[in-house]
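Geometric and topological summary
Listed here are the chains, written in short residue letters.
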Amino acid sequence: MSESKNDQMVIRPWDKYNQDLVSQVHPSDWKNPNPASRYNLVVIGAGTAGLVSAAGAAGLGAKVALIERHLMGGDCLNVGCVPSKAMISAARTAAAVRYAGEFGVQVPDGVKIDFGYAMERMRRLRASIAPNDSVKRFSDLGIDVFIGTGRFIGSNTVEVAGERLPFKKAVIATGARAAAPPIEGLDQVAYLTNETVFSLTELPKRLAVIGAGPIGCEMAQAFARFGSEVLMVETMHGILPREDSDASGIVLESMLKDGVKLLCCGKALKLAKADGNKIRLVVESHGKGYDEVVDHLLVAVGRTPNVEGLGLEDAGVAYSKKGIQVDDQLKTTNPNIYAAGDICSPHQFTHMADFMARIVIRNALFYGRAKASALTIPWCTYTEPEIAHVGLYEKQAREKGIAVDTFTRHFNEVDRSILEGQTNGLMRVHVRKGRDKILGATIVACNAGDMVSELTMAMTHGLGLKHIANTIHPYPTQAEAIRQVADAYNRTRLTPFAKSLFSRWMAWRTR
């Protein structure tokens, strides 16, 4: 077991795949370039928002500097989307084998899971994707890449590794990190976060997960499918409290089937060290007390923006514990400095950071007026089934005083889902009452993240359910459920009065 020499960057295990990763996203032999006399754009942070900002600006002819103190690619490549989805795909395969008997496929010797190999596969695939975010790639794009901690030393200058980088415009894209919630005893035990859980090489026999949000649910289900005994603690009732309760209930049913034990409405949570480097967890759930000893603890509760050490006061940039303050055009309180991504967004998704960066390019370099509020933002939690959403929830619409009509299609009514044995899901669309304008949608299905894009595109371009109803979808597909929801809307247009007129018309024509 080894780690890089940079104290900010602990990469374990130090095998050939992680060495390959680090050689691309934080090469030890990298020499920072000589700074230009002035930059069109200086970008601090090389996660998704920073990379897109830098590449987009450079592609349009701007002189760009990109600063990263840790790993190019940010959370998404190194400790987020990429490693988690590799793990989830392996766990999904294990579950498919485990439930194969339901399809008449017998696995005589049962499921044997090599967790170490599954994690090695994750590291190998992550390293294979790393060239997209590498120092070399961005340097080849004509961008001056600086490895080190960037800090504002005035309203128009950044300092990094002893060099000063004057700029016309700058963007802060330093992201966020896992938060440490105020739990009694948490500071006394060793625990995992999304930043360290992917360093595991051995499967925990017993794993506790604190937090039933997207990260907690994804990891809890994955580890349960690998064979861990998983306890998930949540202070609220159920899981995924932000989502439609019917939708999250379907996901919970699937997780319980996989063996996850949910201790929701958790109260009086306490942690302490136990013998053998284990962790003792004491909590009350629905009036019953639990005193459990686990091998590992995963804390998946909230994120904290990375605002420390940036010299924001010197640059005249306002911020709070929620992140950097920006207006709708992503401009900070310094008119020459913008922010994008998790550092300032309430929607902490890779694709959101991507499109925020595009807004920054237009507004910072070309005097644009693009607004973040104009974005239609979908998201997906990659449990099985997945749960995807875009737009307003029904409750949100009503809170805004918007009357809605809701149309739901359950996947046990969709032929392809029946044939695939994937009937535990739903398609739910909210429209403005009496109209076909789509306000929001929730999908629970094995590939909900793919299907939500059709509804996102319709919302983005002002296409209503009537347009979807007139669009041919292949049969049999699960996406056909979207058209079936649109058909349900069309049927509401046939009022009793209109139906009566049609009946009289048809009767007259038979004379």
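Residues numbered from 1 in each chain as written. Predicted model: local features only at pLDDT ≥ 70, side-chain atom pairs only at ≥ 80, totals over all residues. Heavy atoms only, no water.

What follows is about the overall build of the protein chain. Scanning the protein chain from N- to C-terminus turns up 16 helices and 23 strands. For 511 residues, the compact-globule formula gives about 24 Å, and the C-alpha radius of gyration of the protein chain, at 25 Å, lands near that figure. Across its three principal directions, the C-alpha atoms of the protein chain cover 90 × 60 × 40 Å. Buried residues in the protein chain amount to 51% of all 511 residues. Considering only contacts within the protein chain whose residues lie at least 6 apart along the sequence, 64% involve residues at least 24 apart. As presented, the protein chain carries roughly 24600 Å² of accessible surface, and 51% of it is formed by carbon and sulfur atoms. Charge centroids of the protein chain, computed over 60 positive and 53 negative side chains, lie 7 Å from each other. (Helix = DSSP H or I, 4+ residues; strand = E, 2+ residues; numbered from the N terminus. Rg over C-alpha atoms; globule rule 2.2 N^0.38 Å. Buried < 20%, exposed > 50% of the residue type's maximum accessible area, 1.4 Å probe, protein only. Contact = heavy atoms within 4.5 Å. Areas by Shrake-Rupley, 256 points an atom, 1.4 Å probe, with all protein chains shown as cover. Lys, Arg positive; Asp, Glu negative; His and termini not counted. Charge placed at Lys NZ, Arg CZ, Asp CG, Glu CD.)

Below, the discussion takes up the packing of helix H4 (residues 81-98) against helix H5 (residues 115-129). Closest axis-to-axis distance for the H4/H5 pair is 9 Å, and the angle between their directions is 140°. Taken as axis vectors, H4 and H5 run oblique relative to one another. With respect to the hand of their crossing, H4 and H5 are arranged in right-handed fashion. Listed contacts from H5 to Val82, Pro83, Ala86, Met87, Ser89 and Ala90 of H4 are Ala118, Met119, Arg121, Met122, Arg126 and Ile129. Looking at the contact of H4 with H5, its residues break down into 9 nonpolar, 1 polar and 2 charged. (Axes fitted to C-alpha atoms, helices over the stretch in contact; angles between N-to-C directions. Parallel < 35°, antiparallel > 145°, perpendicular 65-115°, else oblique. Left-handed = near helix turned anticlockwise from the far one by under 90°. Nonpolar A, V, L, I, M, F, W, Y, C, P; charged D, E, K, R; others polar.)

Quick look at unusual backbone geometry now. That bond from Arg12 to Pro13 is cis: its omega, -10°, falls within 30 degrees of zero. Note the cis peptide between Tyr475 and Pro476, where omega equals -5°. Summarising the element assignment, Pro476 is placed in the loop between helix H14 (465-469) and helix H15 (480-492). Unusually for a residue other than glycine, Leu240 sits at a positive phi of about 45°. Along the polypeptide, Leu240 turns up in the loop between strand S9 (229-233) and helix H8 (245-257).

On to the confidence of the model for the protein chain, then. With 97% of its residues at a pLDDT of 70 or more, the protein chain has an overall mean of 95. Segment residues 1-8 is flagged for pLDDT under 50; beyond a separation of four residues in sequence, or across chains, it makes 14 contacts in the model. (pLDDT = per-residue confidence, 0-100.)

As for its placement among the helices and strands, His430 is situated in strand S22 (residues 426-432). Considering only alpha carbons, one finds His430 and Ile183, 247 residues apart in sequence, at a separation of 38 Å. Filtering out sequence-adjacent residues up to four positions away, His430 remains in contact with Leu392, Tyr393, Glu394, Asp405, Thr406, Lys437, Ile438, Leu439 and Gly440.

This part takes up the nonpolar core. With 67 residues, the main nonpolar core has Val42, Val64, Leu66, Met72, Phe152 and Ile172 as its most contacted residues. Looking at this core, the element that brings in the most residues is helix H10 (residues 350-366), giving 8 residues. In this structure, Met72 is in contact with Val25, Ala46, Leu51, Leu66, Leu77, Asn78, Asp133, Ser134, Val135, Phe138 and Val145, ignoring residues within four places of it in sequence. Met87, Ala90, Ile250 and Val444 belong to the second largest nonpolar core, which has 39 residues in total. (Core = buried A, V, L, I, M, F, W, Y, C linked by side-chain atoms within 4.5 Å.)

Further remarks concern the sheet that holds S9. Paired through backbone hydrogen bonds, the strands of a sheet run either parallel or antiparallel to each other. Taken together, 4 strands build an open sheet; the order of strands is S10-S9-S8-S14 and the sheet is parallel. Of all the strands in the sheet, the pair left with one neighbour each is strand S10 (261-263) and strand S14 (296-299). In this sheet, neighbouring strand axes are inclined to one another by 20° on average, regardless of whether the strands run parallel or antiparallel. As defined by bridge partners, strand S8 (residues 206-210) adjoins S9 across 5 bridges and the pair is classed as parallel. Bridged to Val209 within S9 is Met232. Across the sheet, helix H7 (residues 214-226) is in contact with S8, S9 and S14; its angle to S9 comes to roughly 160°. (Pairing = 2+ DSSP bridges.)

One can find His347 in the loop between strand S18 (337-339) and H10. Remark: the alpha-carbon pair of His347 and Glu384, spanning 37 residues in sequence, is separated by 22 Å. Apart from the residues within four sequence positions on either side, His347 is in contact with Arg242, Met352, Ile377 and Trp379.

With that out of the way, let us pick up the sheet that holds strand S21 (residues 404-410). Taking strand neighbours across the sheet as the criterion, the 5 strands line up as S19-S20-S23-S22-S21 in an open arrangement whose pairing is antiparallel. For this open sheet the edge positions go to strand S19 (378-381) and S21, each flanked by a neighbour on one side alone. Taking the axes of each pair of neighbouring strands and ignoring which way they run, one obtains an average angle of 10° across the sheet. In this structure, S19 lies alongside strand S20 (residues 386-391), joined through 4 bridges in antiparallel fashion. Bridging from a neighbouring strand, Thr381 pairs with Ile387 of S20. On the sheet, helix H13 (residues 448-460) packs against S19, S20, S22 and strand S23 (438-445) and is oriented at approximately 170° with respect to S23.

Summed over all chains, the structure comprises 23 salt bridges. Two residues, Arg177 and Glu308, come together in a salt bridge whose shortest N-O distance is 3.1 Å. Taken as a pair, Arg177 in strand S7 (residues 176-178) and Glu308 in the loop between strand S15 (303-305) and helix H9 (312-315) lie far apart in primary sequence, 131 residues in all. Of the residues examined, Arg177 reaches a relative accessible area of 29% and is grouped as partly exposed. (Salt bridge = Lys/Arg side-chain N within 4 Å of Asp/Glu carboxyl O.)

Turning our attention to the state of the cysteines. In the structure shown here, the tally under the stated rule is 0 disulfides. Here Cys76 stays free of any disulfide, with the sulfur of Cys81 as its closest cysteine sulfur at 3.3 Å. For Cys264, which is in no disulfide, the shortest distance to another cysteine sulfur is to Cys265 and amounts to 4.3 Å. (Disulfide = S-S within 2.5 Å.)

Position of Glu386 relative to the elements: it lies in strand S20. For the buried Glu386, which has no salt bridge, the nearest side chain bearing the opposite charge is Arg92, at an N-O separation of 4.2 Å. In this view, Glu386 contacts Arg92, Cys380, Thr381, Ile443, Val444, Ala445, Cys446, Asn447, Ala448 and Gly449; residues no more than four positions away in its chain are not counted.

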